[in-house]
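# Understanding the architecture of this molecule
Residue strings, one per chain:
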Amino acid sequence: MDLETGLYQKQLKVRCKESWKTVIILAYQSLGVVYGDLSTSPLYVYKSTFAEDIQHSETNEEIFGVLSFVFWTLTLVPLLKYVFIVLRADDNGEGGTFALYSLLCRHARVNSLPNCQVADEELYEYKKDNIGLAPNSSFGARLKSTLEKRRVLQRFLLVLALIGTCMVIGDGVLTPAISVFSAVSGLELSMSKEHHKYVEVPVACVILIGLFALQHYGTHRVGFLFAPVVLTWLLCISAIGIYNIVHWNPHVYQALSPYYMYKFLRKTQRGGWMSLGGILLCITGSEAMFADLGHFSQLSIQIAFTSLVYPSLVLAYMGQAAYLSKHHFVDSDNRVGFYVSVPDKLRSPVLVIAILAAVVGSQAIITGTFSIIKQCSALGCFPRVKIVHTSSKIHGQIYIPEINWTLMLLCLAVTVGFRDTKRMGNASGLAVITVMLVTTCLMSLVIVLCWHKNVFLAICFVFFFGTIEALYFTASLIKFLEGAWVPIALSFIFLIIMCVWHYGTLKKYEFDVQNKVSINWLLGLGPSLGIVRVRGIGLIHTELVSGIPAIFSHFVTNLPAFHQVLVFLCIKSVPVPHVRPEERFLVGHIGPREYRLYRCIVRYGYHDVHKDDMEFEKDLVCSIAEYIRSGKVEPSGAYDNAGKEDDKMTVVGTCSTHTDGIRLSEDDNDIKDSASTSEMREIRSPPVIHPRKRVRFIIPESPQIDRGAREELHELMEAREAGVAYIVGHSYVRAKQGSSMLKKLVINYGYEFLRRNSRAQAYALSVPHASTLEVGMLYHV
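Not measured: the values here are computed from a predicted model.

Right, let's get into the overall build of the protein chain. A count of helices and strands for the protein chain gives 27 helices and 12 strands. A total of 781 residues make up the protein chain; the buried ones form 58% of that total. Contacts in the protein chain between residues at least 24 apart in sequence constitute 83% of all its contacts with a sequence separation of at least 6. Summed over its atoms, the accessible surface of the protein chain is roughly 32,200 Å², and 61% of this surface lies on carbon and sulfur atoms.

This paragraph deals with a nonpolar patch on the surface. Taken together, the side chains of Leu477, Phe480, Leu481 and Trp485 define a hydrophobic patch exposed on the protein surface, amounting to about 430 Å² of accessible area. Topologically, Phe480 is positioned in the loop between helix H19 (455–477) and helix H20 (485–514). For Phe480, a relative accessible area of 35% corresponds to the partly exposed category.

This part takes up helix H25 (residues 707–722). An α-helical turn contains 3.6 residues, so any two residues separated by three or four positions project in the same direction. In a regular helix each residue adds 1.5 Å, so 16 residues correspond to 22 Å; H25 covers 23 Å between its end C-alpha atoms and thus fits that length. Regarding H25, the residues found buried are Ala709, Glu712, Leu713, Leu716, Met717, Ala719, Arg720 and Glu721. Just downstream of H25, Gly723 is the residue with a positive phi angle, here 120°.

With 17 residues, helix H26 (residues 741–757) ought to run about 24 Å at 1.5 Å a step, and its terminal C-alpha atoms sit 23 Å apart, in line with that. Of all the residues in H26, the buried ones are Lys743, Val746, Ile747, Tyr751, Glu752, Leu754 and Arg755. Lining the buried residues of H26 we find H20 and strand S11 (724–734).

On to the environment of Glu583. Mapped onto the secondary structure, Glu583 falls in the loop between strand S4 (561–573) and strand S5 (585–589). Of the residues examined, Glu583 reaches a relative accessible area of 11% and is grouped as buried. What Glu583 contacts, discounting residues up to four positions off in sequence, is Glu122, Leu123, Tyr124, Arg603, Val651 and Val652.

A few words on the pattern of salt bridges. Overall, the coordinates contain 19 salt bridges when judged by the stated rule. The partner of Arg720 in a salt bridge is Glu617, with the nearest N and O atoms 2.9 Å apart. Of the two residues, Arg720 is situated in helix H25 and Glu617 in helix H23 (residues 613–629); the sequence distance between them amounts to 103 residues. For the residue pair Arg720 and Glu617, the accessibility class agrees, reading buried in each case. Through salt bridges with shared partners, one network takes in Glu61, Glu62, Lys263 and Lys267.

Another point: the confidence of the model for the protein chain. A low pLDDT score tells you not to read the predicted coordinates there in detail. Mean pLDDT over the protein chain stands at 80; residues scoring 70 or higher make up 80%. Low pLDDT, under 50, characterises residues 635–646; the predicted model gives this stretch 19 contacts beyond four residues in sequence or across chains. Low pLDDT, under 50, characterises residues 685–691; the stretch is placed with 8 contacts to residues that sit more than four places away or in other chains.

This paragraph deals with the pairing of S4. Across a regular strand the side chains alternate sides, sitting on one face of the sheet and then on the other. A large share of S4 lies buried, amounting to 12 of its 13 residues. Summarising the sheet, strand S3 (residues 532–541) and S4 pair through 8 bridges and their orientation is parallel. When the sheet's bridge partners are listed, Ile537 is paired in S4 with Val565. One ladder, built from 8 bridges, connects S4 with strand S6 (residues 597–604); its direction is parallel. Opposite Phe568, over in S6, you have Arg599 as the bridge partner.

Attention shifts here to empty space enclosed by the protein. It is a probe the size of a water molecule, rolled over the atoms, that shows where empty space is left. Going through the model one piece at a time under the given rule, you end up with 12 cavities of 30 Å³ or more. Of the volumes computed, that of the largest cavity is approximately 130 Å³. Contributing elements (two or more residues each) for the lining of the largest cavity: H20 and S11. Across the lining of the largest cavity, the residue classes break down as 4 nonpolar, 5 polar and 3 charged.

Once that is clear, we can look at unusual backbone geometry. At Asn60, a residue that is not glycine, the phi angle is positive and equals roughly 65°. A residue is classified by how much of its surface remains accessible, and Asn60, at 11% relative accessible area, is buried. The backbone of Gln269 sits at a positive phi, close to 55°, despite the residue not being glycine. Summarising the element assignment, Gln269 is placed in the loop between helix H11 (259–268) and helix H12 (270–274). Exposure remark for Gln269: the relative accessible area of 56% places this residue in the exposed category.

Formed by 161 residues in total, the largest nonpolar core has its most connected members in Tyr35, Tyr46, Leu67, Trp233, Phe305 and Tyr317. No other element matches the 17 residues that helix H8 (residues 151–184) contributes to this core. In this structure Trp233 touches Ser39, Thr40, Leu43, Phe338, Val350, Ile353, Ala354 and Ala357, once residues within four positions along its chain are discounted. Among the nonpolar cores identified, the runner-up in size contains 28 residues, and Leu569, Phe616, Ala709 and Leu713 belong to it.

Let's shift gears to the side chain of Thr284. Mapped onto the elements, Thr284 comes out in the loop between helix H13 (276–279) and helix H14 (287–291). Residue class for Thr284 comes out buried when judged on its relative accessible area of 1%. For Thr284, the side chain forms a polar contact with the side chain of Tyr44, separated by 3.3 Å. Within the structure, the side chain of Thr284 is placed 3.0 Å from the backbone oxygen of Leu281, a separation counted as a polar contact. With sequence-adjacent residues up to four places away left out, Thr284 is seen in contact with Asp37, Leu38, Ser41, Tyr44, Ser428 and Val432.

All right, on to the environment of Ala561 then. One can find Ala561 in strand S4. Taking the C-alpha atoms as reference points, Ala561 and Ile531, 30 residues apart in sequence, are found 5.5 Å from one another.

Moving on, we get to the packing of H20 against H26. Viewed as axis vectors pointing N to C, H20 and H26 meet at an angle of 100°, and their least axial separation amounts to 9 Å. Considered as vectors, H20 and H26 are oriented roughly perpendicular to each other. On the side of H20, the interface is formed by Ile497, Val500, Trp501, Tyr503, Gly504, Thr505 and Lys508, while H26 contributes Lys743, Val746, Ile747, Gly750, Tyr751, Leu754 and Arg755. The residue makeup of the contact of H20 with H26, split by class, is 8 nonpolar, 3 polar and 3 charged.

The description of an aromatic ring pair uses the distance of the two centres, along with the angle that the planes make with each other. Within this structure, the stated rule accounts for 16 aromatic pairs. Among the aromatic residues, those joined into a ring-pair cluster are Phe64, Tyr259, Tyr260 and Tyr262. The ring of Trp451 has Arg88 lying over it, and the distance from NZ or CZ to the ring centre is 4.7 Å.

Parameters at a glance
Residues take numbers from 1 onward in each chain, read along the sequence in its written order. Where totals are concerned, whole chains, interfaces and linings use all residues; where local detail is concerned, this predicted model gives features only for residues with pLDDT of at least 70, and gives and counts side-chain atom pairs only at 80 or more. The side-chain numbers reported here are obtained from all heavy atoms of the structure, hydrogens and water having been left aside. A run of H or I in DSSP becomes a helix once it reaches four residues, and a run of E becomes a strand once it reaches two; helices and strands are each numbered from the N terminus. Relative accessibility decides the category of a residue: with a 1.4 Å probe and only protein chains considered, values under 20% of the type maximum give buried, values over 50% give exposed, and everything between is partly exposed. Any two residues whose heavy atoms approach within 4.5 Å are treated as being in contact. Working definition of accessibility: Shrake-Rupley area with a 1.4 Å probe, residue cover restricted to the visible protein chains. Residues with no salt bridge and a relative accessible area higher than 30% make up the patches, which join like charges within 9 Å and nonpolar side chains (Val, Leu, Ile, Met, Phe, Trp, Tyr) within 5 Å. Any carboxyl oxygen of Asp or Glu that lies within 4 Å of a side-chain nitrogen of Lys or Arg is treated as forming a salt bridge with it. Here a helix's expected span is defined as the number of its residues, less one, multiplied by 1.5 Å. Predictor confidence is given residue by residue as pLDDT, running from a minimum of 0 to a maximum of 100. Being paired, for any two strands, means DSSP has found at least two bridges between them. Points on a 1 Å grid over protein atoms alone make up a cavity when a 1.4 Å probe fits among them but cannot get out, and a pocket when they form an open set with protein on both sides within 12 Å along at least five of seven lines; lining residues each have an atom within 4 Å of a point. Grid points are joined across faces, edges and corners, and a volume is the space filled by probe spheres set on the points. By the convention adopted, Pro, Cys, Tyr, Trp, Phe, Met, Ile, Leu, Val and Ala count as nonpolar, Lys, Arg, Asp and Glu as charged, and the other residues, Gly among them, as polar. Residues belong to a common nonpolar core when they are buried Ala, Val, Leu, Ile, Met, Phe, Trp, Tyr or Cys residues joined through side-chain atoms within 4.5 Å. Under the rule applied, a polar contact is a pair of N or O atoms within 3.5 Å (in protein, one hydrogen donor and one hydrogen acceptor; residues adjacent in sequence only if both atoms are side-chain atoms). Axes, fitted as lines to C-alpha atoms, cover a helix only where it is in contact. Angles between the N-to-C directions of the axes lie from 0 to 180 degrees. Angles below 35 degrees are treated as roughly parallel, those above 145 as roughly antiparallel, those between 65 and 115 as roughly perpendicular, and all remaining angles as oblique. When two rings of Phe, Tyr or Trp (its six-membered ring) have centres within 6.5 Å they constitute a pair, described as stacked for plane angles under 30 degrees, edge-to-face for angles over 60, and tilted for the intermediate range. Definition used: whenever NZ (Lys) or CZ (Arg) falls within 6 Å of the ring centre and also within 35 degrees of the ring normal, the charge is taken to sit over that ring.

Next comes the structure, spelled out in structure tokens:
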């Protein structure tokens, strides 16, 4: 089955008709993907909290206060905010920062992509949830109007989404470091202090190198181990927690009262406020519940968290607090670590399970980083990178080599540079809370603009959760010099890269629009275009969705021949997660039909899988043939008004959706499975001496097609048999004279550096190198 079609059918089945068996299976699978990071937080929360700012005294007010903070933070943020509110803000089943931004782009029309079309609004997933309806409240209508009119606010919204994205990437560096290092820190209890400091860092680095080195195999090869590992870990920490509660302090449940938070802050004051940066680590990984929503269902994630993850974490933290309330270490560095509360006989197996759980949690955030960078690249906010789909059956499992090795080097640098959980925790905490603040801000807009709720609800949402997160944010930011500078520095670098690339891409597109060729110029050339037409199909890649690109006139004036069939191909991303196969192509003529010039716009969502070149070529030719057969072709001489030629484009699906339409056969065996001869007719290409491949169109008996369409199909078939050539523009972008110094710096150096060091446009299209022809052009933007 076609991956694209099978994916859509699977999602439709899961989302529209969920059985309890399906929900339980998805809930079980989500343990290994979603909750690996969140479930390993007990390894380092107490140790980071009691690092320096506060002391664990005989009165136990500190440990009980911390437990109360941990309990209510877990209850209010992951449980109340994410599980019961944010998960409902899905973008057709997809979650994450860009899902919220995508929703806002479609409801308020603040999309920064320059090649939007009216036809995109007819997509099935675009118009879901009453897209286009005005908000009920007058304030919502004014807010929508203001966002659509003010470019400054639109740019601010984009930058806000990019900041959240950059912090997720920073978390992809910090989470593996602190998770693995904290798990390995259990070795310190089995050896002397002089020896373990020489073992801890090397062992953590070896595990991290192995983790990143195995990424190219894909998680589907070892993914079946993820859920059992996390399940075992959760059962393990909850069992140890129950043992510690019963054995050491059965009355520790009293510390869950909010009154202990007040006592904690009253006694510790400034030190207690600064220690909140360590308490914050108990909710690391909460964003994954929303970000990984596309792989599971809302109900399955809710069931897994409320029935297993949440109670296991609460028991684990209560058990540690119960143990520490009866043990007051004075001169030991590991006085409040996780492993001291583990019974001696269980420390070795628990250490092994903890390391495995840390690896699983790290794997989840690495995969999430790959996914979010793919989204940024699809929406023109990140340089083109090599994207490898590691599984042909499981959607979303990708591998990006450049990002993988960059993350590994940064992760090793953090581990070797810090060598303690305190500074790693400070860095990780700031990254986590920043993403949550961004989500809170975007959610407030979603409540008004997308859900059409009263603005009072949005204000309450921002005030309640924003106040909690702002408190943690300030506690993390105050430790800027003690490790919190790392996510800020990483995010700043990635933000500069994204903004420079996005700005350069927009300016390049504006240049293409301003310099596109008039269709009247094309009509003046005649059917032969003034040159010799040779056999074959020429695919001219362009970013334009209307008009004729300047590269075409540049090519025509420099080469004496051109292909008999020309296709102006635009591959664009739309702000939806998926585009259904039957809505994939927009096809239309450019000029009269005898010119054999076509425009084909291929639309992908930011989570869609791009096909390889052979499948793509077959779908492309089939879509053009189906467009010709459909009879929606303008007669010759109907192109007097050049401005309306893009209004005549037709939506055409992929080959897999043409069950009763035209079929393409490229060998003798394809016909047997297509249809019987009584139902279909063949249009065969004329015999040639040494054909490269035999091509036939199989056409249904009805409706009948006219003679002109039949001739057009014959010519398209001959061209397909001769082969396909890709004409790709190779651009050199320079700031035009008179530009400001900042613009020259950004365009001439920043954007040009990124362009030279990113993947070529032909690679992004999966174009075979031997079939590619690059045409150089200089852009003055």
